[in-house]
Amino acid sequence: MNKDTAYLIKIRIDDSLTVCRFNQVCKATNLHEVKMLPNGFYHGLWKIYYENGQLYFVGTCKDGKKHGLWKYYYENGQLESVGTYKDNEQHSLWKYYYENGQLKSEETYQNNKAHGLWKTYYRDGQLKSEGTYQDDKAHGLWKCYYENEQLESVGMYKDDKRHGLWKYYYENGQLKSV
């Protein structure tokens, strides 16, 4: 077999069948650590690579479901995201990164729903927004910032809708409107 030839593998995660491409280099990964259970689901450590040999993701499956810490990478090798799955659902804090390595967002999940503190960042690392989610809906105090770190807006959300008084500011910090 030519080591530059691309191969396809079929893997079953949860109830869906996924087709992944990988090259000969990927055959030397930890795929052998994954065991197929009698029900056809996979169990164990997963490492899948891009065709260029860079790691695409690493994580574990338990009874065919993503479970535990998972890390996803850009094709250039930079970390794209890291977080925990519980029975195939995002759970707890997830961090997402720009390709330059800067933090892009911090998102908290509970049973695959946005729940808790969320923060987003500009490419240079400055805080862009912060607020909370409750059962997949924006809820509570939210603040948005300009790239110069000045407050852009502040107000409350209730059930994913703006609620009550909101204040908007110019980039120089002066109040624009209420």
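Structure: see above.
Residues numbered from 1 in each chain as written. Predicted model: local features only at pLDDT ≥ 70, side-chain atom pairs only at ≥ 80, totals over all residues. Heavy atoms only, no water.

Caption draft 1: Layout of the overall build of the protein chain. Along the backbone of the protein chain there are zero helices and 17 strands. A sequence separation of at least 24 residues applies to 10% of the contacts in the protein chain between residues at least 6 apart. Accessible surface for the protein chain amounts to roughly 10700 Å². Of this, 47% is attributable to carbon and sulfur atoms. (Helix = DSSP H or I, 4+ residues; strand = E, 2+ residues; numbered from the N terminus. Contact = heavy atoms within 4.5 Å. Areas by Shrake-Rupley, 256 points an atom, 1.4 Å probe, with all protein chains shown as cover.)

Caption draft 2: Examining the pairing of strand E8 (residues 79–86) more closely. With six bridges joining them, strand E7 (residues 68–73) and E8 adopt antiparallel strand pairing. What sits directly across from Tyr-73, in E8, is Leu-79. Linkage of E7 to E8, two consecutive antiparallel strands, is achieved through a turn of five residues, within which Gly-77 is found at a positive phi near 95°. Bridge count for E8 against strand E9 (residues 89–97) is five bridges, and the pairing is antiparallel. (Pairing = 2+ DSSP bridges.)

Caption draft 3: Spotlight on the packing of aromatic side chains. Summed over the entire model, instances satisfying the criterion amount to 14 aromatic pairs. Geometrically, the ring pair formed by Trp-70 and Tyr-85 is edge-to-face, given 5.7 Å between the ring centres and 85° between the ring planes. Pair noted here: Trp-70 is in strand E7 and Tyr-85 is in strand E8, with a separation of 15 residues, a long-range link. The buried category is assigned to Trp-70, whose relative accessible area is 1%. For Tyr-85, a relative accessible area of 11% puts it in the buried group. Aromatic pair Tyr-85 and Trp-94: ring centres 5.1 Å apart, planes at 75°, arrangement edge-to-face. (Phe/Tyr/Trp six-rings, centres within 6.5 Å; stacked < 30°, edge-to-face > 60°. Buried < 20%, exposed > 50% of the residue type's maximum accessible area, 1.4 Å probe, protein only.)

Caption draft 4: Local environment of the side chain of Ser-81. Mapped onto the fold, Ser-81 is located in strand E8. Not counting residues up to four positions away in its chain, the partners in contact with Ser-81 are Trp-70, Lys-71, Tyr-72, Trp-94, Lys-95, Tyr-96 and Tyr-97.

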